[in-house]
Amino acid sequence: METLRARFETLRWARGADEPITEATARATTPASDDVVEISLRFCDGGIESARFRAHGSPATLCAADWACEYAETGGADVLTLCATDVAEALHLARIQMPAALMAVDALQAAYRRWQDVGAQEHQSQQTVSTV
Amino acid sequence: MSDQSIYLDHAATTPIDPVVAEQMAQALHLANPASAHSAGRLAAERVEQARATVAGHVGAASEQLIWTSGATEADNLAILGGLAQQAPAHIVTARTEHKAVLDPIRQLERGGWRVTWLKPGADGVVAAADVLAPVQADTRLVSVMHVNNETGAVQDIAAIGRQLADHPALFHVDAAQSLAWLPIDINAMGIDLLALSAHKCHGPPGIGALVMRRGLVRLRPLMHGGGQERGLRPGTLAPHQIVGFAAAVRRLQVCADAPDRVRALREHLWAGLSRISGVIRNGQPQSTAPHILNATFAGLNGESLLFGLPGLMVSQGSACTSGGQESSYVLRALGRSDAEARASLRLSLGRTTTVAEIDAAVAQISNAAARLTALQPEAA
Ligand SMILES: Cc1ncc(COP(=O)(O)O)c(C=O)c1O
C-alpha cells in the first residue's frame, strides 16, 4: 500500500530548478484552498517523454501531482482516460482530499490537450485551464 | 519517540523527570489516604506533605488547595462551581483562552450569562486596562490565563488582580503553562481561583490542582460522592499522582536556572528560523514565557511543512492535522488569516532541550521550507 508519507519523501517527478517549463504546461486550482498544481509535459515520437510538476498545497496535492506525472511518464497509458478516483485509490486519499486528485488529473489532461491543440505550431504561453 | 527525534512540544506535555518517576513508583504502594488505619494515615501524611509543597509554591496554604485530575477539571470546577449558585449575570474572558475555559463559559452563555470576549493585541497580550474596562457591577467572573498555550503570551495577572481587589467578581487564572516558568503568588497577584497541571512541568499527566483564595467558600462541587477534598472533589485520591506532582514542583525549585537558560535557547532558535524568507514571529520575546516560540511561515502550506519534518515533534497552533479542520483560533484572534494560521508552527522547549537539538531543528525546518518553496510554480 502506497503511503503519502513515502511518496512525499521523494516527489521524484517535481520539476527541478534547471528544467525549463515546456509549451505543454497547464495549471489547475481549487476554490477549496489556495492549492495549485502545474504539470509540464515533453513529447517525443508522438508520446510523452517526460512529465514534471510544480505545486503548492497540502501533502495530498503534492503527492497527487507527483503520482499523475509518474503515471503519464511511465504508464504508457492514455492520460485522457485517467480519473481522479484512480489517483485517490492509488494514494488512499480521504474524501476530503479529493480536490487534490482532481487538480492533478485536470492539470495533466489540460497539458496533454494543449499539446494536441497546438499540434506542430510553436506556442509559448501557459495558462490556468481549470478550477476544480 | 525514536532516538533521532527532537521533542519540541513541551507545551503539549513534558517528559517525566526521572526523579519524579522514581518517587511515584514508590508511592504506588501507598494505601487509601482516607482509611483510618496506619497505612492509610501514612498515605494521608504523604498527600498532605505534597499539598503543602504545591500550595506553598504558589504562595498558598495547604487548606487552599484541592486536587483535581488536571487543569481542565480545575478550570471547570472554578468556572461552573464558582458560579453555580448565582443567577445569570456577566463574565469577562478572552477569545484566546484554552478550551478548558472557553467551553464551560460557552455553556454558561447558553444558559443566559452575558460574556465579554476580549481580543488580544497583535502580540497576543490583552492589556490589563482592556480586561477591566468591561467589568460591570454584575460581573461575577473574570477569567484570564497567565500564559497562552499557543503563543506563550504572558498576561499581567498582578495588574488585573490589583484592580479587581475591591470588586466581588471571582478572578480565575489558568496557570497550566506558567507554573514551570514564571513565579506565581496567589495573594500578591490577587487571584481567587488558580488552575494548575502537573504534566506541563515534568510531572505526570492526570493530576492538577485548584488553588483558592483564603476563605473562599462559594464553590459548588461538580461531582458528588465520598466527601473527599472537603466534598469539593469527591473520589479516592491517587497518592502516586499527588506525590509525583509535588516531586515535579520540588524539581522546579532545584532547576531554578531553567527559565533563563530556556529563554536564551528559544532566542537562539528564533535567530535561526528568522533567516527563512517569509517567517513571522507570533508574539514579542519580552512578553512571552521562556518556552514557546510560535512562527508563521507565510506562503507555505503548514500541513506540508509539518509532513516534511517527521523527526521533529512540534505542533501546529491547534490540533489541526488534515485539510478542512479548523485553524488556530488563537492565531486568528491575533489577526492572522486562516492560511497564515495553518502555516504556523508552535515550537515549545523544555529544561532538557539542548543547543544541538535547536540547531538540528533549525536545519530541518529550513530544509523543509526551502524544499516547499522550490516546488512552487513560478508566479503566473
Ligand atoms: C493553558 C492550558 N489550560 C489547560 C490545559 C489542560 O490541562 P490538563 O491536561 O491538565 O487538563 C492545558 C493543556 O493542554 C493548557 O495548556
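For the structure, check the block above.
Bear in mind that the values here come from a model prediction, so they are computed numbers and not experimental data.

Enquirer: Outline unusual backbone geometry, listing residues and values.
Expert: Residue and element names in this part refer to chain B. Not every positive phi belongs to a glycine, and H202 is a case in point at roughly 65 degrees. Of note in this structure, E229 is not a glycine but carries a positive phi near 55 degrees. By the secondary structure assignment, E229 is in the loop between β8 (208-212) and α7 (239-254). Residue classification places E229 among the buried positions, given a relative accessible area of 9%.

Enquirer: So what about the sheet that holds strand β12 (residues 344-348) of chain B? Which residues, and what values?
Expert: Whenever strands of a sheet pair, they do so through backbone hydrogen bonds, lying parallel or antiparallel. All names here are of chain B. Spatially, the 3 strands line up as an open sheet ordered β9-β10-β12, and their pairing is antiparallel. One side of each edge strand has no neighbouring strand; the edge strands of this open sheet are β9 (279-281) and β12. In this sheet, neighbouring strand axes are inclined to one another by 25 degrees on average, regardless of whether the strands run parallel or antiparallel. With 5 bridges connecting them, strand β10 (residues 292-297) and β12 associate as antiparallel partners. Bridge pairing links A295 to L345 in β12. With respect to the sheet, helix α8 (residues 258-273) is in contact with β9, β10 and β12, its orientation differing from that of β10 by roughly 10 degrees.

Enquirer: Any details on the interface of chain B and chain A? Residues and values, ideally.
Expert: Contacts between the two partners involve 19 residues from chain B, matched on the other side by 22 residues from chain A. Taking both partners together, chain B and chain A bury about 1,700 Å²; carbon and sulfur atoms supply 56% of that area. Together, F307, L375 and P377 of chain B form the three largest contributors to the area buried by chain B at its contact with chain A, with a combined 39%. At the boundary of chain B and chain A, one finds 2 salt bridges. For E378 of chain B, the salt bridge goes to R15 of chain A, with nearest N and O atoms at 3.0 Å. Where chain B meets chain A, there are 10 residue pairs in polar contact (both at pLDDT 80 or more). Every element with two or more residues in the side of chain B that touches chain A is listed here: α9 (302-307) and α12 (355-375) of chain B. The greatest single-element share of the side of chain B that touches chain A, amounting to 4 residues, is contributed by α12 of chain B. Of the residues contributing to the side of chain B that touches chain A, the split by class is 9 nonpolar, 7 polar and 3 charged.

What counts, and where the lines are drawn
- Residues numbered from 1 in each chain as written.
- Chains lettered and ligands numbered in written order.
- Predicted model: local features only at pLDDT ≥ 70, side-chain atom pairs only at ≥ 80, totals over all residues.
- Heavy atoms only, no water.
- Helix = DSSP H or I, 4+ residues; strand = E, 2+ residues; numbered from the N terminus.
- Buried < 20%, exposed > 50% of the residue type's maximum accessible area, 1.4 Å probe, protein only.
- Pairing = 2+ DSSP bridges.
- Axes fitted to C-alpha atoms, helices over the stretch in contact; angles between N-to-C directions.
- Contact = heavy atoms within 4.5 Å.
- Buried area = accessible area lost by both parts, 1.4 Å probe.
- Salt bridge = Lys/Arg side-chain N within 4 Å of Asp/Glu carboxyl O.
- Polar contact = N/O pair within 3.5 Å; in protein donor to acceptor, adjacent residues only side chain to side chain.
- Nonpolar A, V, L, I, M, F, W, Y, C, P; charged D, E, K, R; others polar.

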